[in-house]
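Given next are the chains, with one letter for each unit.
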Amino acid sequence: MAEEFTVTPWEVTGKIDYELLQKKFGTVSIDEKLLKRLEKYGEIHPMLRRGIFYSHRDLNQLLDKFDKGEKFVLYTGRGPSGNTHLGHMMPWMFCKWIQDIFDVPMLFQMTDDEKFLFQDLTLEETRKMAYENALDFVALGFNPEKTKIILDTENIKTLYPIALKVSKKITFSTARAVFGFDNSTNIGSIFYTSIQAAPAFLPTEEAGKEVPCLIPCGIDQDPHFRAARDVAPGLGYPKPAMMYCKMFPGLGGGDKMSSSDQNATIYATDGPKAVKKKIGRAFTGGRVSVEEQREKGGNPEICAVFMYFFYMFEEDDAKLNERAERCKAGGILCGECKNELTSRINVFLEDHQARREKARGIVGNMTYDGFEWNKGGE
Ligand code: TRP
């Protein structure tokens, strides 16, 4: 029946059954009731409406506190192993929306240490990538007054005391069970999860009182935060609330856009020609011939091009449905969809790349150097 799939912080393969994953990890559905509640704060983001951000932990508790005047801190991150692609930017865009509607501070962790430890990269390479990736993050327009970037090897002095406390509470046997480590795992990797947990607790540590934290990210990161949440109460930190999204699909029809398959991946720095070429080769739900497609219609459900409209490039539900219906009725051919998608992505990227250049002037000021967590609260 169900095909095999793997979702860990280091590996995402196979056809992902997101319901099953949610059950396995023990996270909770973002259901209609929760969407109704979120609607009170601002117009629901398409990623929520479409079930892309589909799962959570303790979001209701976080909102209860917010309603009582307790502001939370947003936290997400990036392992700088290569160029930023659309899949990386998806949760960041979502964070931007949360920051806008709740007017909260945001922490962005760049784990140059993680990618050094887990991949065949030098520290110089991961640090350089961290800078490049940070430009894409900043380009999304976060409030520069309220957004701070943590680069692990740079900000280690801030993170280390917290990471130490976390690491003392996590045994090797837990880490092994959660992450599948074995005797050949390097010991830096075993410690790493405490570094990824640290920013979630940093505001509480610095404010000297509990500051709630919300972490929107891909569901593949849950193992880290499960561990972080488990140790939080014992250290006097609030458990971070989580909002999880599905993996951004690859152009080859897979479940995740992969950095290793450059032709099935749209990078934030791709030019119009590269985009045209990649979309041109994308896996679609089309038929073998034009005649057959006109007669029998295509299948948007398996189509990578349609997925791109669904995930990021068609916010209007009515228009998205209309596209699906026209496809199924044979009224639109793959070439047409591909052309439309190509031009939408290129418009988006042209704008993004201009803002990315401007980000070079701001990114330095956003480096973490302490933050007044209570400022402008209540
Ligand atoms: N481990 C993440 C990655 O490989 C990077 C990361 C650090 C992160 N802190 C985070 C992701 C917090 C989400 C939320 O990309």
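Each remark here, short or long, concerns the structure printed above.
Residues numbered from 1 in each chain as written. Predicted model: local features only at pLDDT ≥ 70, side-chain atom pairs only at ≥ 80, totals over all residues. Heavy atoms only, no water.

*Asks:* So, the sheet that holds strand E8 (residues 213–218): which residues are in play, and what are the values?
*Replies:* Strands in a sheet are paired, the pairing made by backbone hydrogen bonds, and the direction either parallel or antiparallel. Spatially, 7 strands are ordered E3-E4-E9-E8-E5-E6-E7 in an open sheet, and the strand pairing comes out mixed. Edge positions in the open sheet fall to strand E3 (28–29) and strand E7 (147–151), since each of these has one partner strand only. Alignment of E3 against strand E4 (residues 53–57), held across 2 bridges, turns out to be antiparallel. Counterpart to serine 29 in the pairing with E4 is serine 55. Packed onto the sheet, helix H10 (residues 187–207) meets strand E5 (73–78), strand E6 (106–110), E7 and E8 and runs at close to 160° relative to E6. Taken strand by strand, helix H11 (residues 222–235) contacts E4, E5, E8 and strand E9 (241–245), and its axis lies near 170° from that of E9. (Pairing = 2+ DSSP bridges. Helix = DSSP H or I, 4+ residues; strand = E, 2+ residues; numbered from the N terminus. Contact = heavy atoms within 4.5 Å. Axes fitted to C-alpha atoms, helices over the stretch in contact; angles between N-to-C directions.)

*Asks:* An account of the environment of glutamine 196 is requested, with residue identities and associated values reported.
*Replies:* Topologically, glutamine 196 is positioned in helix H10. The sequence separation of glutamine 196 and tyrosine 160 amounts to 36 residues, and the corresponding C-alpha distance is 11 Å. Setting aside residues up to four positions removed in sequence, glutamine 196 forms contacts with Tyr75, Gln109, Glu114, Gln221, His224 and Phe225. At 2.7 Å, the side chain of glutamine 196 and the side chain of tyrosine 192 are in polar contact. (Polar contact = N/O pair within 3.5 Å; in protein donor to acceptor, adjacent residues only side chain to side chain.)

*Asks:* Hey, could you go over the site of the ligand for me, with residue numbers and the actual values?
*Replies:* Near the ligand there are 15 residues, and of these Tyr75, Gly79, Gln109, Glu114 and Gln196 occur at the shortest range. The side chain of tyrosine 75 places a nitrogen or oxygen atom 2.9 Å from a nitrogen atom of the ligand. Measuring from a nitrogen atom of the ligand, one finds a side-chain N or O atom of glutamine 221 at 3.0 Å. For the ligand, whose free accessible area comes to 360 Å², the fraction covered by protein is 92%. More than half of the atoms of the ligand fall within 2 Å of the grid points belonging to the largest pocket. Breaking the shell around the ligand down by element, the ones donating at least two residues are E5, helix H6 (112–118), H10 and E8. Of all the elements, E5 adds the most residues to the shell around the ligand, at 4 residues. In terms of residue class, the shell around the ligand is built from 5 nonpolar, 7 polar and 3 charged. (Near = heavy atom within 4 Å. Areas by Shrake-Rupley, 256 points an atom, 1.4 Å probe, with all protein chains shown as cover. 1 Å grid on protein atoms, 1.4 Å probe; cavity = no way out; pocket = protein on both sides within 12 Å on 5 of 7 lines; lining within 4 Å. Sits in = over half its atoms within 2 Å of the grid points. Nonpolar A, V, L, I, M, F, W, Y, C, P; charged D, E, K, R; others polar.)

*Asks:* Describe a nonpolar patch on the surface, with residues and values.
*Replies:* On the surface, a nonpolar cluster with roughly 250 Å² of combined accessible area is contributed by Ile156, Tyr160 and Leu164. Mapped onto the secondary structure, tyrosine 160 falls in helix H8 (residues 156–169). (Patch = residues over 30% accessible without salt bridge, like charges linked within 9 Å, V, L, I, M, F, W, Y side chains within 5 Å. Salt bridge = Lys/Arg side-chain N within 4 Å of Asp/Glu carboxyl O.)

*Asks:* Describe the pairing of E9, naming the residues involved and giving the relevant values.
*Replies:* Here is the key point about a regular strand: its side chains alternate between the two faces of the sheet. With respect to burial, E9 is a largely interior element, 5 of its 5 residues being buried. Neither face of E9 is open: one carries Ala241, Met243 and Cys245, the other Met242 and Tyr244, and all of them are buried. In terms of strand pairing, E8 meets E9 through 5 bridges, oriented parallel. In the strand pairing of E9, leucine 214 is matched with alanine 241. Taken together, E8, H11 and E9 form a β-α-β motif whose crossover is right-handed. (Buried < 20%, exposed > 50% of the residue type's maximum accessible area, 1.4 Å probe, protein only. Right-handed = clockwise from strand over helix to strand, strands pointing away.)

*Asks:* Explain H8 residue by residue, including any values.
*Replies:* Residues three or four positions apart in an α-helix share a direction because the helix packs 3.6 residues into each turn. End to end, H8 covers 19 Å across 14 residues, agreeing with the expected 20 Å (1.5 Å per residue, within 8%). At isoleucine 162, H8 shows its maximal bend, which comes to roughly 25°. Tucked inside the fold, the buried residues of H8 contact E6, E7, H10 and H11. (Expected span 1.5 Å × (residues − 1). Bend = angle between axes of the 7 residues up to and from the residue.)

*Asks:* Let's hear about the environment of cysteine 213: which residues, and what values?
*Replies:* Note on placement: cysteine 213 falls in strand E8. Cysteine 213 gets classed as buried once you look at its relative accessible area, which sits at 2%. Taking C-alpha positions, cysteine 213 is 32 Å from aspartate 120, a pair spaced 93 residues apart along the chain. When near neighbours in sequence (up to four residues on either side) are disregarded, cysteine 213 contacts Leu62, Phe72, Val73, Tyr75, Ala200, Pro240 and Ala241.

*Asks:* Got a sec to walk through the packing of helix H5 (residues 86–102) against helix H14 (residues 304–313)? Specific residues and values, please.
*Replies:* A pair of packed helices is captured by two measures, namely the crossing angle of their axes and the spacing between those axes. Remark: H5 packs on H14, axes separated minimally by 11 Å, with the N-to-C direction vectors making an angle of 30°. Overall, the two elements H5 and H14 adopt an arrangement that is roughly parallel. Mapping the contact onto sequence places Leu86, Met90 and Met93 in H5 and Tyr308, Tyr311, Met312 and Phe313 in H14. The residue makeup of the contact of H5 with H14, split by class, is 7 nonpolar, no polar and no charged. (Parallel < 35°, antiparallel > 145°, perpendicular 65-115°, else oblique.)

*Asks:* If you had to explain empty space enclosed by the protein to someone new, which residues and values would you point to?
*Replies:* According to the stated counting rule, one finds 1 cavity of 30 Å³ or more in the structure shown. If you add up the space inside the largest cavity, you get close to 110 Å³. Taken together, 15 residues line the largest cavity, and the ones lying closest to its centre are Cys303, Phe306, Cys327, Cys334 and Cys337. Partitioning the lining of the largest cavity into residue classes produces 10 nonpolar, 4 polar and 1 charged. (Points joined across faces, edges and corners; volume = space filled by probe spheres on them.)

*Asks:* Got a sec to walk through the nonpolar core? Specific residues and values, please.
*Replies:* In this structure, Leu48 and Met243 are the most contacted members of the largest nonpolar core, which totals 70 residues. No other element matches H5, which puts 10 residues into this core. In this structure, this core is formed jointly by two domains, domain 1 (6–251) and domain 2 (262–358), each of which donates at least three residues. If sequence neighbours within four positions are ignored, leucine 48 has contacts with Ile30, Leu35, Leu38, Phe53, Phe94, Trp97 and Met243. (Core = buried A, V, L, I, M, F, W, Y, C linked by side-chain atoms within 4.5 Å. Domains from an automatic or database assignment.)

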